[in-house]
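# Overview (structure and organization)
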Amino acid sequence: MQRTIFSTPIINTVLRSLSVTFLRVTGWTVEGTLPPGAAKSVFIAAPHTSNWDLPYTLMVAFALGLNPYWMGKQGIFRPPFRGLMMWLGGIPVNREQSTNLVAASARALVEADGPLQLIVPPEGTRSKTRYWKTGFYYIALEAKVPIIMAYMDYAAKRSGLGPVFEPTGDIEADMARIQAFYQPFKGRHPDKFQQAES
């Protein structure tokens, strides 16, 4: 995987300090820690309703000492911003090639030499969606890594890492449990966040 702000010496130390300070001054609480055995994992990023989710996610990741990569729609990686987005940990997603993306992402997790947390928004977009995408689930299942239920609650100004979820292969039952966990959390624009229907 490419070098990012999280793996760039000196810069990562400075940005971590700035992130912790900003979150504290603006009243945010960062909760949880990365559990043992989850250095390689898939993070659910929900609810995802605003462009502000990315900078806040990066700051929370710095505060928690993570080494994340995140998936974003291909459009935001166009020149002249591609290099910057990649350095921020971004991985461009072509939604028309989701099957290949799942396999490639799982392979990257398996082959990574060190810690790697892959952040995937299940809605796939910050616009209102009726159904969650399941790519994050199949990536974790194929790579045999846990799912971390990460959250951001703008109403309560709290963000962090929830419980570890081990996918069982029964996607309907597993998705129901995952969605139940996210029910209380409010995105920046709550009207754009809707749980998937069974």
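Since this is a predicted model, take the numbers as computed values, not measurements. (Residues numbered from 1 in each chain as written. Predicted model: local features only at pLDDT ≥ 70, side-chain atom pairs only at ≥ 80, totals over all residues. Heavy atoms only, no water.)

### Observations regarding the overall build of the protein chain
Tallying secondary structure elements over the protein chain gives six helices and seven strands in all. Here the protein chain holds 198 residues, and 44% of them are scored as buried. Excluding contacts between residues fewer than 6 apart, the proportion of contacts in the protein chain whose partners are at least 24 apart in sequence is 73%. Summing over all exposed atoms, the protein chain offers an accessible surface of approximately 10300 Å²; the carbon and sulfur share of this is 56%. (Helix = DSSP H or I, 4+ residues; strand = E, 2+ residues; numbered from the N terminus. Buried < 20%, exposed > 50% of the residue type's maximum accessible area, 1.4 Å probe, protein only. Contact = heavy atoms within 4.5 Å. Areas by Shrake-Rupley, 256 points an atom, 1.4 Å probe, with all protein chains shown as cover.)

### Topic: the pattern of salt bridges
Tallied over the entire structure, the rule returns two salt bridges. For the salt bridge of Glu-31 with Arg-158, the shortest nitrogen-to-oxygen distance reads 3.2 Å. On the criterion of sequence distance, the pair formed by Glu-31 in strand S1 (residues 29-31) and Arg-158 in strand S7 (residues 158-165) is long-range, its members being 127 residues apart. Residue Arg-158 is classed as partly exposed on the basis of its relative accessible area, which comes to 26%. (Salt bridge = Lys/Arg side-chain N within 4 Å of Asp/Glu carboxyl O.)

### Observations regarding the confidence of the model for the protein chain
In the predicted model, the protein chain carries a mean pLDDT of 85, and the fraction of residues at 70 or more is 87%. Note on residues 124-131: pLDDT is under 50 here. Beyond four places in sequence and across chains, it has 23 contacts. (pLDDT = per-residue confidence, 0-100.)

### Here's the deal with the environment of Phe-136
Turning to its location among the elements, Phe-136 is positioned in helix H5 (residues 135-143). The class of Phe-136 is buried, set by a relative accessible area of 1%. In the structure, Phe-136 is positioned 17 residues away from Ile-119 in sequence and 8.3 Å away in space, judged by C-alpha atoms.

### Considerations on the packing of H5 against helix H6 (residues 171-182)
Think of two packed helices as two axes; the pair is described by the angle between the axes and how far apart they sit. Where H5 meets H6, the closest approach of the two axes is 12 Å, and the angle between their N-to-C directions is 115°. In this structure, H5 crosses over H6, and the sense of that crossing is right-handed. Along its contact with H5, which presents Phe-136, Tyr-137 and Tyr-138, the element H6 presents Ile-171, Asp-174, Met-175 and Ile-178. In terms of residue class, the contact of H5 with H6 is made up of six nonpolar, no polar and one charged. (Axes fitted to C-alpha atoms, helices over the stretch in contact; angles between N-to-C directions. Left-handed = near helix turned anticlockwise from the far one by under 90°. Nonpolar A, V, L, I, M, F, W, Y, C, P; charged D, E, K, R; others polar.)

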